[in-house]
Amino acid sequence: MINIAILGFGVVGSGIAEVITQNSEIIKKKIGDSINIKYILDLREFPDSPFADKIVHDFNIILNDDEVSIVAEAMGGLHPAFDFSEQALKKGKSVVTSNKHVVAEKGDVLLKTAEENGARYLFEASVGGGIPVLRPLGTCLAANKINEINGILNGTTNYILTQMIDFGKTFEVALKEAQQKGYAEANPSADVDGIDACRKICILAAIAFGKLIDPSEVSTTGISNIRLNDVKNASEAGYAIKLIGQAKDIDGKMSVSVAPRLVPHDNLLSKVDDVFNGVLVNGNASDDIIFIGKGAGKMPTASAVVSDIVDIAGRPEIKNQQWDKAEKTDLVSADDVVASYYVCTSSSEDAVKAVFAEYSALSLKDGEFAFIIPALKKTELDEKLAKLEVISCLEIL
Ligand code: HSE
C-alpha cells in the first residue's frame, strides 16, 4: 500500500481525494498497489466529509511518519507550501503539486532537493489544469529543439473573454461566474492581470529550454483594458483576442511574455474557448503540436495531480528534470522583440499615414481608426505610437 498525504482540502485537495477514491480500482490495476490517503492537512475541520477522520492540523505528523511516501501539495501560495514541500523532499518523500506559484518561483530549488534526496518532484497540474502537457513536452518531445510555445494558460480569463464576446456579459458578471465554478484564484488579480499565465509560461519555458526565468522578468499584460470595440474590430478582420503566454527561442536566447494577442482564425488557439486552455508547441522535428483541455476546475486539476502520484508509484526510478536559473544574458529584451500589431487611435488616418509607411486599415467608426501594421521592433513601435493618440495596441500572433 502506498500511503500519501494531501496538503490543503480546498477545491483541488478535495478533488484529489475524490479521484483517488472513485478510481481506486483503475489505479490499482495500473500500479499493482493501492493508494491510501493517510492524512489531509488543513486548518479547518470537515465534520461532514467522508474524509473527516484523515484531517490533521500539524504538518509534523506527516513529516515524521515514515509510512507516508508521497505528499500532494494543494495549498496554493508560496508559503508555507514551498517550505512544507522542501521539508518533505529532504525526508525523501516525493512531492506532487498543482501550485504554479511555487513551481515558477522555486521549481529549480525543489527539483534539486528532490534529486539529492532520492525523491521525485512532479507538477503536471501546475500548467493547463487537466491537460497532460508538461510530461509530453519533457519526454515525448525530448528529441526536438523547441522553437516556440504559445498558450492560452488561464481558464478564468479565457472564460471571461469568451462570455464577453459570445454573450455580451460584463467583465464583472463573467468573473463572478468563473469564481463560482472554482476556476479563479483567491485574488482575481492573479488571473485578470496575467500573473497566473506568467507563472505557467515560465514553467513551460523551463521544461522546453532548461532555464527557469524569474516571473518578475517577464513582460506581462492582463485583459482588464480589452474593449468590446477591439474585440469586434479583431473579429471582423479575422482574429480572436486571447490572453497568450509565449516562449520563443530566438538565436539561443529566451523571449518570454504574456499579453492579450490577436490570434488569426486559422490558428487552432483562436477556437479554444471558455475554461479550456490550449498549448501550441513548435518543435524543429515535430512541427506544430497542440494540447487542448480543461485548464482549471476541481476534477480536471485533480486528474493531473493524481496522474503524478500514479507515475511515481509506477515508475519510482525516473530522474527529475534539473533547471538552472535563467540569467539576464539568457533573455531577449522585450524592447528587441519584433512583431506586427493591431492599433486603434483617435488620430486621423492622415496622421497615421504620416507615421507608418505601411498599414492595413480595418475600420473607421465613432472617431476611432483601427489598423494593422507589419512587423517591427518594439522600440520602433513605441517611438512611432508616441506621435499618435493611441486607444489600444495589441500584438498579433
Ligand atoms: N485560476 C487558474 C485559471 C486556475 O483560471 O486557469 C488553474 O490554474
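Here's a quick rundown of the structure. (Residues numbered from 1 in each chain as written. Predicted model: local features only at pLDDT ≥ 70, side-chain atom pairs only at ≥ 80, totals over all residues. Heavy atoms only, no water.)

Attention shifts here to the overall build of the chain. Tallying secondary structure elements over the chain gives 14 helices and 18 strands in all. Computed over C-alpha atoms, the radius of gyration of the chain comes to 23 Å, within 12% of the 21 Å expected from 2.2 N^0.38 for 397 residues, which places it in the range of a compact globule. Taken across its 397 residues, the chain has 54% of its residues classed as buried. Sequence-distant contacts, at least 24 apart, represent 71% of the contacts inside the chain between residues at least 6 apart. Carbon and sulfur atoms make up 50% of the accessible area of the chain, which totals about 17000 Å². (Helix = DSSP H or I, 4+ residues; strand = E, 2+ residues; numbered from the N terminus. Rg over C-alpha atoms; globule rule 2.2 N^0.38 Å. Buried < 20%, exposed > 50% of the residue type's maximum accessible area, 1.4 Å probe, protein only. Contact = heavy atoms within 4.5 Å. Areas by Shrake-Rupley, 256 points an atom, 1.4 Å probe, with all protein chains shown as cover.)

In the vicinity of the ligand, the residues found are Lys100, Asn154, Gly155, Thr156, Tyr183, Ala184, Glu185, Asp191, Asp196, Lys200, Gly295 and Ala296. Threonine 156 has a polar side-chain atom sitting 2.6 Å from an oxygen atom of the ligand. The separation between an oxygen atom of the ligand and a polar side-chain atom of lysine 200 is 2.7 Å. Burial of the ligand by the protein amounts to 92% of the accessible area it has alone, namely 260 Å². Secondary-structure elements contributing two or more residues to the shell around the ligand are helix H7 (155–167) and helix H10 (195–209). (Near = heavy atom within 4 Å. Polar contact = N/O pair within 3.5 Å; in protein donor to acceptor, adjacent residues only side chain to side chain.)

This next bit is on the pairing of strand E16 (residues 360–365). Looking at chain direction, E16 and strand E17 (residues 368–377) are connected through 5 bridges and run antiparallel. Its bridge partner lying in E17, alanine 361 is registered against phenylalanine 371. Between E16 and the antiparallel strand that follows it, E17, lie 2 residues; aspartate 366 among them carries a positive phi value of about 50°. (Pairing = 2+ DSSP bridges.)

Right, let's talk about the environment of valine 173 for a bit. Relative to the assigned elements, valine 173 resides in helix H8 (residues 171–180). The sequence separation of valine 173 and isoleucine 160 amounts to 13 residues, and the corresponding C-alpha distance is 8.6 Å.

The subject of this paragraph is helix H5 (residues 100–116). Here H5 is 17 residues long and its end C-alpha atoms lie 22 Å apart, about the 24 Å a rise of 1.5 Å per residue gives. Of all the bends found along H5, the most pronounced is centred on lysine 106 and spans about 85°. Among the residues of H5, those classed as buried are Lys100, His101, Val102, Val103, Ala104, Gly107, Asp108, Leu110, Leu111, Thr113 and Ala114. Among the residues of H5, the N-terminal cap falls to asparagine 99, whose side-chain oxygen and the backbone nitrogen of histidine 101 are separated by 3.1 Å. One or two residues past the end of H5 sits glycine 118, with phi positive at roughly 65°. (Expected span 1.5 Å × (residues − 1). Bend = angle between axes of the 7 residues up to and from the residue.)

The next subject is the nonpolar core. Of all hydrophobic cores here, the largest spans 78 residues; its most connected members are Ile62, Tyr121, Phe123, Ile149, Ile203, Leu204 and Trp323. It is H10 that provides the largest number of residues to this core, a total of 10 residues. Residues contacting tryptophan 323, with those up to four places away along its chain left out, are Val103, Gly107, Asp108, Leu111, Phe123, Ile203, Ala206, Ile207, Gly210 and Leu212. Grouped together as the second largest cluster of nonpolar side chains are 30 residues, Ile6, Val12, Ile20 and Val306 included. (Core = buried A, V, L, I, M, F, W, Y, C linked by side-chain atoms within 4.5 Å.)

Leftover empty space is mapped by rolling, across the atoms, a probe with the size of a water molecule. Summed over all chains, the structure comprises 1 cavity of 30 Å³ or more. Of the voids in this model, the largest cavity is the one considered here, and its volume is about 40 Å³. Sort the elements by how many residues they give to the lining of the largest cavity and helix H2 (residues 24–31) lands first, with 3 residues. (1 Å grid on protein atoms, 1.4 Å probe; cavity = no way out; pocket = protein on both sides within 12 Å on 5 of 7 lines; lining within 4 Å. Points joined across faces, edges and corners; volume = space filled by probe spheres on them.)

If you walk across this open sheet you meet the 6 strands as E3-E2-E1-E4-E5-E6, and the pairing is parallel. Of all the strands in the sheet, the pair left with one neighbour each is strand E3 (55–56) and strand E6 (121–122). Sheet topology note: the strand E5 (residues 94–97)/E6 ladder contains 2 bridges and is parallel. Within E6, the residue paired with valine 95 across the bridge is tyrosine 121.

So, on to the pairing of strand E1 (residues 2–7). Along E1, 6 of the 6 residues are buried, which leaves the element largely enclosed by surrounding structure. Here E1 shows two buried faces, one formed by Ile2, Ile4 and Ile6 and the other by Asn3, Ala5 and Leu7. Two elements, E1 and strand E2 (residues 35–41), share 6 bridges in a ladder whose sense is parallel. Opposite alanine 5, over in E2, you have tyrosine 39 as the bridge partner. Strand direction decides the pairing type here: E1 and strand E4 (residues 68–73), joined by 5 bridges, are parallel. Its bridge partner being in E4, isoleucine 4 is matched across the sheet by isoleucine 70.

On to the packing of aromatic side chains. This model, assessed by the stated rule, comprises 10 aromatic pairs. Seen from their ring centres, phenylalanine 9 and phenylalanine 46 are 4.9 Å apart, and the 85° between their planes marks the pair as edge-to-face. In this pair, phenylalanine 9 is assigned in the loop between E1 and helix H1 (11–22) and phenylalanine 46 in the loop between E2 and E3, connecting sequence segments 37 residues apart. By relative accessible area, which is 8% here, phenylalanine 9 ends up buried. Ring geometry for phenylalanine 356 and phenylalanine 371: centres 5.8 Å apart, planes at 55°, overall tilted. Of this pair, phenylalanine 356 sits in the loop between helix H13 (349–355) and E16 while phenylalanine 371 sits in strand E17, and the two are 15 residues apart along the sequence. As far as burial versus exposure is concerned, phenylalanine 356 and phenylalanine 371 are alike and both buried. Three or more aromatic residues link up through ring pairs in this structure, and these residues are Phe356, Tyr359, Phe369 and Phe371. Note that lysine 106 overlies the ring of phenylalanine 82, its terminal NZ or CZ placed 5.0 Å from the centroid. (Phe/Tyr/Trp six-rings, centres within 6.5 Å; stacked < 30°, edge-to-face > 60°. Lys NZ or Arg CZ within 6 Å of the ring centre and 35° of its normal.)

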